[in-house]
Amino acid sequence: VLGDVYDVEIAASVAAAVRALADKHFDAVLSDVQLPDGTAAAVRAAIGDARLILLTGGTAYEANRIAGAAPVIEKPFDIEELPAQIARLLDDRPA
């Protein structure tokens, strides 16, 4: 669904995300708070100026406590609505 709207690169772990972020510029990073080898806090540390959007099965408060202030999409969510949710969050970016 996201690939219909955005150029998407998938990283299944913190290590893979950090490698991708070192090799390429991204406008936004959509990351689960809990990853197999760590948390989104490690992704945030490597993110540069890209916008971080968090996915969580917990609360927005808990997600931001773990990974720092960022927009949060709480699970479960409608996958068909995800592109619109991301667009709204990116539109809220400070100028």
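Above this text sits the structure in question.
A brief structural summary.

The rules we used
Residues numbered from 1 in each chain as written. Predicted model: local features only at pLDDT ≥ 70, side-chain atom pairs only at ≥ 80, totals over all residues. Heavy atoms only, no water. Helix = DSSP H or I, 4+ residues; strand = E, 2+ residues; numbered from the N terminus. Rg over C-alpha atoms; globule rule 2.2 N^0.38 Å. Pairing = 2+ DSSP bridges. Axes fitted to C-alpha atoms, helices over the stretch in contact; angles between N-to-C directions. Contact = heavy atoms within 4.5 Å. Patch = residues over 30% accessible without salt bridge, like charges linked within 9 Å, V, L, I, M, F, W, Y side chains within 5 Å. Areas by Shrake-Rupley, 256 points an atom, 1.4 Å probe, with all protein chains shown as cover. Salt bridge = Lys/Arg side-chain N within 4 Å of Asp/Glu carboxyl O. Lys, Arg positive; Asp, Glu negative; His and termini not counted. Charge placed at Lys NZ, Arg CZ, Asp CG, Glu CD. Buried < 20%, exposed > 50% of the residue type's maximum accessible area, 1.4 Å probe, protein only. 1 Å grid on protein atoms, 1.4 Å probe; cavity = no way out; pocket = protein on both sides within 12 Å on 5 of 7 lines; lining within 4 Å. Points joined across faces, edges and corners; volume = space filled by probe spheres on them.

### Brief notes about the overall build of the protein
Counting its regular elements, the protein contains four helices and five strands. Mapped in sequence order, the helices and strands of the protein form the string α-β-β-β-α-β-α-β-α. For 95 residues, the compact-globule formula gives about 12 Å, and the C-alpha radius of gyration of the protein, at 13 Å, lands near that figure. Dimensions of the protein, computed from the C-alpha atoms along their principal axes, are close to 30 × 30 × 30 Å.

### Examining the sheet that holds strand β4 (residues 51-56)
Sheet architecture is open: three strands sit in the order β1-β4-β5, paired in parallel fashion. Every interior strand has two partners, whereas the edge strands, β1 (28-32) and β5 (72-74), have only one. For this sheet, the mean inter-axis angle between neighbouring strands, taken without regard to orientation, is 20°. Note that β1 and β4 share five bridges and pair parallel. Looking at the pairing, aspartate 32 lines up with leucine 55 of β4. Strand contacts of helix α4 (residues 82-91): β1, β4 and β5, with the helix running at about 135° to β4, the strand carrying the most contacts.

### Side note on a negative patch on the surface
A cluster of acidic side chains, namely Asp4, Asp78, Glu80 and Glu81, defines a negative patch on the protein surface. Along the chain, aspartate 4 falls in the segment before α1 (14-23). Owing to a relative accessible area of 72%, aspartate 4 belongs among the exposed residues under this scheme.

### Considering the layout of surface pockets
A probe matching the size of a water molecule, rolled over the atoms, marks out where space remains unfilled. There is about 830 Å³ of room inside the largest pocket. Forming the walls of the largest pocket are 28 residues, and the residues nearest its centre are Glu9, Phe26, Ala28, Val29 and Leu30. Breaking the lining of the largest pocket down by element, the ones donating at least two residues are α1, β1, β4 and α4.

Nothing here speaks to function; it is geometry throughout.
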